[in-house]
Amino acid sequence: MARKRKVAYRKKYQNRFSMFLVSLVVVMIMILVQVKSIEIQQKIDGKKAEIETLQAQIDEEKKRAQQIEEFGKEVQTKGYIENIAREKLGLVYEDEILFKQDK
């Protein structure tokens, strides 16, 4: 009878120890999963900030491309060409008279 008690006690002790080990492993896995999920969330937040920055750069470049396109159209106009010829090259029409001020 005493032997049965020792065996029963030993089994009970082993069951408790086994449950403790299983619980410990489960807790460690939960902690590991939580830590990894925090790291992944930080990476996601970083990538979102990078996406926003890149999107802002894309918008700026689109505006710049539009300005360049508009400037290209403006350069092709007769008025712009005349202004540049007058200002930069000092050209005038044949029948045009220029008056210069004394400095």
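What comes next concerns the included structure. (Residues numbered from 1 in each chain as written. Predicted model: local features only at pLDDT ≥ 70, side-chain atom pairs only at ≥ 80, totals over all residues. Heavy atoms only, no water.)

## Digging into the overall build of the chain
Scanning the chain for helices and strands turns up two helices and zero strands. Residues counted as buried form 1% of the 103 residues belonging to the chain. For the chain, the accessible surface area stands at approximately 10700 Å², while carbon and sulfur atoms represent 60% of it. (Helix = DSSP H or I, 4+ residues; strand = E, 2+ residues; numbered from the N terminus. Buried < 20%, exposed > 50% of the residue type's maximum accessible area, 1.4 Å probe, protein only. Areas by Shrake-Rupley, 256 points an atom, 1.4 Å probe, with all protein chains shown as cover.)

## Details of the packing of aromatic side chains
One pass over the structure, following the stated rule, counts one aromatic pair. Ring centres 6.0 Å apart and planes at 80 degrees place the aromatic pair Phe71 and Tyr80 in the edge-to-face group. (Phe/Tyr/Trp six-rings, centres within 6.5 Å; stacked < 30°, edge-to-face > 60°.)

## Let's talk about a nonpolar patch on the surface
Together, Tyr13, Phe17, Phe20, Leu21, Leu24 and Met28 give the surface a local cluster of nonpolar side chains, amounting to about 630 Å² of exposed area. Locating Phe17 in the fold gives a position in helix α1 (residues 2-75). Phe17 gets classed as partly exposed once you look at its relative accessible area, which sits at 44%. (Patch = residues over 30% accessible without salt bridge, like charges linked within 9 Å, V, L, I, M, F, W, Y side chains within 5 Å. Salt bridge = Lys/Arg side-chain N within 4 Å of Asp/Glu carboxyl O.)

## Some thoughts on the pattern of salt bridges
Any two side chains of opposite charge can pair, so long as their charged atoms come close to each other. Scanning the entire structure with this criterion turns up four salt bridges. The closest approach of N and O atoms between Lys36 and Glu39, which form a salt bridge, is 3.7 Å. One end of the pair is Lys36 and the other is Glu39, both in helix α1 and three residues apart, which spans about a single turn. For Lys36, a relative accessible area of 45% translates into the label partly exposed. The class of Glu39 is partly exposed, set by a relative accessible area of 36%. Note that Glu61 is salt-bridged to Arg64, the shortest N-O span being 3.7 Å. Taken as a pair, Glu61 and Arg64 lie in helix α1 at a separation of three residues, close to a single helical turn. Exposure remark for Glu61: the relative accessible area of 46% places this residue in the partly exposed category.

On their own, these measurements won't tell you what the molecule is for.
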